[in-house]
Protein chains: 2
Amino acid sequence: MGLQLLRVWLLLFLFGLVAIVGGGGANVGDFNIWPMPKSVTNGHRKLYMALDFQLITEGTNYSDASGILKEAFTTMVDVVQMDQALDANFSALHPSVVLKGLQVLISSPNDQLQYGIDESYKLLVPSPYKPDFAHLEAQTVYGALHGLQTFSQLCHFNSATNRIEVLMVPWTIIDQPRFSYRGLLIDTSRHYQPLPMIKKVIDSMVYAKLNVLHWHIVDTQSFPLEIPSYPKLWDGAYSFSERYTFAEAAEIVSYAQRRGINVLAEIDVPGHALSWLRKHGMNESEAYQYFVLRAQKIALSRGYEIVNWEETFNNFGSKLSRKTVVHNWLGGGVAEKVVAAGLRCIVSNQDKWYLDHLDTTWQQFYMNEPLTNITNTEQQKLVIGGEVCMWGERVDGSDIEQTIWPRAAAAAERLWTTYNKLARDPKQVTRRLAHFRCLLNQRGVAAAPLAGPGRGAPQEPGSCYSQ
Amino acid sequence: MGLQLLRVWLLLFLFGLVAIVGGGGANVGDFNIWPMPKSVTNGHRKLYMALDFQLITEGTNYSDASGILKEAFTTMVDVVQMDQALDANFSALHPSVVLKGLQVLISSPNDQLQYGIDESYKLLVPSPYKPDFAHLEAQTVYGALHGLQTFSQLCHFNSATNRIEVLMVPWTIIDQPRFSYRGLLIDTSRHYQPLPMIKKVIDSMVYAKLNVLHWHIVDTQSFPLEIPSYPKLWDGAYSFSERYTFAEAAEIVSYAQRRGINVLAEIDVPGHALSWLRKHGMNESEAYQYFVLRAQKIALSRGYEIVNWEETFNNFGSKLSRKTVVHNWLGGGVAEKVVAAGLRCIVSNQDKWYLDHLDTTWQQFYMNEPLTNITNTEQQKLVIGGEVCMWGERVDGSDIEQTIWPRAAAAAERLWTTYNKLARDPKQVTRRLAHFRCLLNQRGVAAAPLAGPGRGAPQEPGSCYSQ
């Protein structure tokens, strides 16, 4: 039989014969914030999070009538405390090491989520003003939301003491994103995504500080969205139950907005326009151009920003409105032409930032630099950001999370973190990304192992941190 | 360019030029309950679920002091209503078509969860006693919980009317499980599973009426469980954070119990016992037998049931306590020998019921009959049930759900449904299982497509119901 496991089942744990298997576990107490903030200093002390951790806002200009801040704070504490059976006995701890709560000061009373708002924040743990609290200040509530996320990553459950600890204080974190447009595309036409899945994706975007959900709602395969004024359109859904009512779509938009995420809704115009084309005596190219330019005029006249896929630029770029934002997807080398022509650009080159390409590794996602070959500082400003694309041909509700994560996180850091704090070699961030991936798992997000292709399964037993 | 999609991004939905793409969606209004109840009759009418759907218990013997019923009811309504934006205006509906709530009558005041308790229930929609309510009666609260699950599968959100409907009433469902032990094994030694994932697995087991979570907590690779009297044991965890405190393990047990699921905790005894072996002048086989028999005596003396993996039976079956339950896993043909020897048996033959074997199809899971070759009715009673096994060598928090579902559901029906209502050919249940899989997705459970191997990704765009 060899040195085999003796497998005996017992409903009772306690056996004097049980011996220790394997070595001691590694202490993964090193701190890992993802994405890396612009500026971080920290120390060597430890604080403990009080069980009834409070939010205080004395001195703020923001009334939180909409409840956005309170909801985000409560969610953050729940996520950190994760229904753990925490030790309620704080009597053994000196009051000076107990963090009672977080004071949040927001300058702007306005919580309308706009593209380009100030998302900066400053986080001090503990507060120099109120040392039994942590301190968070931001221009807008959306900056504060980012600060809450960073704070949550400083908190760790210590299974030996059953307490939530904040290690390596004092922290001084001053942070803001490098790019204002940090997107994730999801595609609900190739496969319907149930509402709980879309909300889970939004929740996970918040953890990585992504701020645009590009919702590619319809396409050739299915039209799942209710358009009240054209009620037959959603007969093009796969089935009666694989549809989004107008109210559900509105709810997704609201759910995202309350978390600092703008939803960019996209509806493609299908090729049935060909018949309309012919009627007006145009060939396809002419009709395409006519349609795009007319659509642009209509949108602009109603005060909308317009984003066009890059073919419009490639084919008739000089005719596009100067306000156009061009979404590059075909490959590298396009962004530089767009900004040289004076237009703004969003980067999603498919060779590096398409999540459905399973063979694209997280390292490639990380190293995809939007400003490649763009050295003119004025032109650099025209690159408003980038987006990773989760096309839906081969993802449905069963596998979207692990196809998105952790590779989207690699891009999320490329889009958030200040250029000079980005790693020059992805090896330098492997450990920190592995920690973020395991943090996602701990929060119930099915982020795949780092090793291997996108959506890979772990190849063998092992620690989350090493796979 | 050909007949290509014109892809234009607009932040505005409404365009007169948009044409309908594709055909109408299929109406998937056929009813599909999984697992199939013992006895079902239904009709042709429709009822609407009231927004504030109530639980009433007048006439019950069960006080619900523990809140198990109320919690299960509230969860069930939440899952059915799924935060949908439901139409609150019921004025257009005749009161006779509105279902105000569910009356639940439970005979036993006792809610201690024991192996072998009565899990039967009777569900009448609407109630013949109170026609504006549905009626659920059961011997125990755990039978009632199963009834709630079945009721939830009768409810459908109609996206055209924004209402939850119960179609094809009146329903008379009288149901009870075929086998009393219907298990799922998870393995948290080869890969740590975060607590939220374990809870999600428990929630999904409830949907399929599985009732035993066999928690294979430790093994050679890691020992993640806190044993308070032996505090060094869990130094064998992969890392400090990949551990379960005693309180967390107790919480999982409680979470499961409140949902009608018994947790069978398993700790394997490692091969370090070899040195102990040698000391006492025994060879391995002798020591193994000695250990098992002594362990059995200790467990029995404390009033526990004992379950042993089949090697104990295969090697020294005649010496085992007659109270032993043998867990068959190696292959077919063992169960019949166990019951012929007068011992009870749980079936998990690895050629058909190992979920980590990705090439085992759902059809094979479905058709694996525990009573194969057991014709003697007294011996048949000794097969107490079966268990599907989700070994963890290649599953972690990122892919456990889709590896378990939907194949575990196929086995769940084999274990619950009365033999003569099981399909003789799995083709007969494809549509119904696809519906259950899509219901799981709608509830946020990442159940994989039916087609292909375990944990397969969808191969192309399409409806959930057809993949």
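In the nomenclature of an unreviewed UniProt entry, chain A is known as beta-N-acetylhexosaminidase of Hevea brasiliensis. Listed in UniProt under the heading Catalytic activity (unreviewed entry), the comment for chain A reads: "Hydrolysis of terminal non-reducing N-acetyl-D-hexosamine residues in N-acetyl-beta-D-hexosaminides." In its Sequence similarities (unreviewed entry) section, UniProt records this for chain A: "Belongs to the glycosyl hydrolase 20 family."

So, about the overall build of chain A. Summing up its helical and strand segments, chain A has 14 helices and 15 strands in all. Relative to the 2.2 N^0.38 estimate, which gives 23 Å for 467 residues, the radius of gyration of chain A is 25 Å and therefore close to what a compact globule would have. Looking at chain A as a whole, 60% of its 467 residues qualify as buried. Considering only residue pairs separated by 6 or more positions, chain A has 73% of its internal contacts joining residues 24 or more positions apart.

Looking now at the sheet that holds strand 6 (residues 155-158) of chain B. Residues and elements named next belong to chain B. The sheet built from eight strands is open, its strands ordered 1-8-4-5-3-2-7-6 with mixed pairing. Each edge of the open sheet is held by one strand with a lone partner, namely strand 1 (39-41) and strand 6. Each adjacent strand pair in this sheet contributes to an overall mean axis angle of 30°, direction not counted. Across five bridges, strand 4 (residues 121-125) lies against strand 8 (residues 171-175) in antiparallel orientation. Looking at strand 8, one finds that Leu124 is bridged to Thr172.

Residues and elements named next belong to chain A. Of the residues in chain A, 91% have a pLDDT of 70 or more, and the chain-wide mean is 87. This stretch, residues 1-29, has a pLDDT under 50; its non-local contacts, to residues over four places away or in other chains, come to 87 contacts. As scored by the predictor, the complex reaches a pTM of 0.88 and an ipTM of 0.85.

Before going further, it helps to examine the environment of A:Ala410. Residues and elements named next belong to chain A. For Ala410, the location among the structural elements is in helix 13 (residues 407-416). As for Ala410 and Pro426, which are separated by 16 residues in sequence, their C-alpha atoms are 9.4 Å apart. Those residues in contact with Ala410 that lie beyond four places of it in its chain are Trp34, Trp362, Phe365 and Tyr366.

About the thresholds
- Residues numbered from 1 in each chain as written.
- Chains lettered and ligands numbered in written order.
- Predicted model: local features only at pLDDT ≥ 70, side-chain atom pairs only at ≥ 80, totals over all residues.
- Heavy atoms only, no water.
- UniProt positions renumbered as here; feature names shortened; annotations may be inferred.
- Helix = DSSP H or I, 4+ residues; strand = E, 2+ residues; numbered from the N terminus.
- Rg over C-alpha atoms; globule rule 2.2 N^0.38 Å.
- Buried < 20%, exposed > 50% of the residue type's maximum accessible area, 1.4 Å probe, protein only.
- Contact = heavy atoms within 4.5 Å.
- Pairing = 2+ DSSP bridges.
- Axes fitted to C-alpha atoms, helices over the stretch in contact; angles between N-to-C directions.
- pLDDT = per-residue confidence, 0-100.

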